[in-house]
Amino acid sequence: MATPSGSGTGPGTPPPTLLTDLATGLWKTQTLTAAIETGVFEALAAGEADAPETARRLGIGKRPAEILLTACTALGLLEQRDGRYRNTAVAAHYLVPGLPDYFGGYVQMVARYTAPGWLRATEAVRTDAPTKPVPDPDRNMFEEGNRPESFWEGLFTFSTLTARQLAGAVDLSGVRRIMDVGGGAGATLIELCRQHPHLSGTVVDLPHVCALAGERIAAAGMTGRIGTAAADFFADPLPSGHDAVLLSMILHDWDESQNRKILASCLDALPSGGTVLISELLVDDDKSGPVDAALMSMNMLVGTWGRNYTGAEYTDWLRDAGCCEVRTVRFASPGANGVVAGVKA
């Protein structure tokens, strides 16, 4: 019998693999979350084990343990040999609590904080308004109590890994003091100063966030090089005394008019010859991708009033704000694929 046209099974018809992968993406993220929250990677860091032994270590039944271990192995998080499981190199480095690059906090932050808004993504598209639940929708989402502290904690390793790549991509040899505007818990500036011993600077954020940053800066032994300054960058002047300003994963939170206002404040705080650095997941100028930037832009749709912008858009804004020598430097990291830099004329 002839195959009806358009049935999806005829010669040359593309398989639906892309669609099944997209439709079941939640299965992968929730498997990772379940493994972190039940302690799989921590348990196996103590030594490889079979499913019954892992179940005993986790205090769960053999059936769910076996299913979870099989799924984690299929996803490349575990290795299995002769029925015994152990962490892969990625899991051993990033998913064991207590290690320097522990990534589990970020995974849990995504699952608990951003996922509820994503489950209403269609509503966000139709209404052009955030769907991520916050305690008080009438207040700024960044105000104290309107965003859990786990957000800043979860982003710490994410930001550290991003800053590690940024530090190697951008020439900071001529910079002595850098101001990290919207610097959160201080991860980015801590890592930049760790990579560049000549560097010092200031984390600028809201008062309750600066308190978190102060704790992290002290724990990193950086109190002599990194300070904090409490400010609302829409209402307060930014502190002077810096020769560079960094905006790392900040401008994607806001619309164009607000971003232009932020850039104007940054330029006001800089001397002539000072540098502005915008580190972001940049959307391609033709707006065809890449995937990480495009999906982060969707994340902004469900969570903020912003989006991810192109390098060309940032270039225009910097030039309009009074910058010259504007350039884009590309690199690869979890939170950014490039930095757009300009010099105050």
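Treat the numbers as computed from the prediction; the structure is a model and nothing was measured.

With that settled, consider the packing of aromatic side chains. If you walk through the whole model with that rule in mind, you get twelve aromatic pairs. Ring centres 6.4 Å apart and planes at 40 degrees place the aromatic pair Phe103 and Phe158 in the tilted group. Here the residue Phe103 occupies a position in the loop between α6 (89–94) and α7 (104–118), and Phe158 occupies one in helix α9 (residues 149–169), the gap between them amounting to 55 residues. Note on Phe158: relative accessible area 5%, which makes it buried. Ring geometry for Tyr106 and Phe158: centres 4.4 Å apart, planes at 10 degrees, overall stacked. A residue pair is termed long-range when its members are at least 10 positions apart, and Tyr106 in helix α7 and Phe158 in helix α9 qualify at 52 residues. Every member of this aromatic cluster is reached through a ring pair, and the members are Tyr94, Phe103, Tyr106 and Phe158. Taking the ring centre of Phe156 as reference, the NZ or CZ of Arg216 above it sits at 3.9 Å.

Before going further, it helps to spend a moment on the confidence of the model for the protein. Put simply, the protein has an average pLDDT of 94, and 93% of its residues get 70 or more. Scored below 50 in pLDDT, residues 1–7 shows two contacts in the model against residues more than four places distant or in partner chains.

As a further point, take the sheet that holds strand β6 (residues 244–248). A sheet is described by the order of its strands in space; here seven strands give the open sequence β5-β4-β3-β6-β7-β9-β8, paired in mixed fashion. Because the sheet does not close on itself, it has two edges, and the strands there are β5 (226–230) and β8 (323–330). The sheet shows a mean angle of 20 degrees between the axes of neighbouring strands, taken without regard to direction. Relative to β5, strand β4 (residues 200–205) runs parallel, the two sharing five bridges. The partner of Val203 across the bridge, within β5, is Thr228.

The next thing to look at is the side chain of Asn337. Counting through the fold element by element, Asn337 comes out in the loop between β8 and β9 (338–344). For Asn337, a relative accessible area of 10% translates into the label buried. Of note is the side chain of Asn337, whose polar atom sits 3.4 Å from the side chain of Arg330. The contacts of Asn337, once residues within four sequence positions are left out, are Glu280, Leu281, Leu282, Pro290, Asp292, Ala293, Arg330 and Phe331.

Residues in a regular strand project their side chains so that they alternate between the two faces of the sheet. Of all five residues in strand β3 (residues 177–181), four are buried; the element is thus mostly enclosed. As defined by bridge partners, β3 adjoins β4 across five bridges and the pair is classed as parallel. Residue pairing in the sheet places Met179 in a bridge with Thr202 of β4. In this fold, the crossover linking β3 to β4 by way of helix α10 (residues 187–195) has right-handed handedness. Across three bridges, β3 lies against β6 in parallel orientation. Looking at the pairing, Met179 lines up with Val245 of β6.

Attention now moves to a nonpolar patch on the surface. A grouping of Leu18, Leu19 and Leu22 is seen on the molecular surface, where their side chains present a nonpolar patch of about 350 Å² in accessible area. One can find Leu19 in helix α1 (residues 17–23). Leu19 sits in the exposed class, given a relative accessible area of 56%.

Here Ile250 is to be found in the loop between β6 and α12 (256–269). Sequence separation between Ile250 and Gly184 is 66 residues; the distance between their C-alpha atoms is 9.8 Å. Each residue touching Ile250, except ones within four places of it in the same chain, is listed here: Val181, Gly182, Phe233 and Glu280.

Definitions and cut-offs
- Residues numbered from 1 in each chain as written.
- Predicted model: local features only at pLDDT ≥ 70, side-chain atom pairs only at ≥ 80, totals over all residues.
- Heavy atoms only, no water.
- Phe/Tyr/Trp six-rings, centres within 6.5 Å; stacked < 30°, edge-to-face > 60°.
- Helix = DSSP H or I, 4+ residues; strand = E, 2+ residues; numbered from the N terminus.
- Buried < 20%, exposed > 50% of the residue type's maximum accessible area, 1.4 Å probe, protein only.
- Lys NZ or Arg CZ within 6 Å of the ring centre and 35° of its normal.
- pLDDT = per-residue confidence, 0-100.
- Contact = heavy atoms within 4.5 Å.
- Pairing = 2+ DSSP bridges.
- Axes fitted to C-alpha atoms, helices over the stretch in contact; angles between N-to-C directions.
- Polar contact = N/O pair within 3.5 Å; in protein donor to acceptor, adjacent residues only side chain to side chain.
- Right-handed = clockwise from strand over helix to strand, strands pointing away.
- Patch = residues over 30% accessible without salt bridge, like charges linked within 9 Å, V, L, I, M, F, W, Y side chains within 5 Å.
- Areas by Shrake-Rupley, 256 points an atom, 1.4 Å probe, with all protein chains shown as cover.
- Salt bridge = Lys/Arg side-chain N within 4 Å of Asp/Glu carboxyl O.

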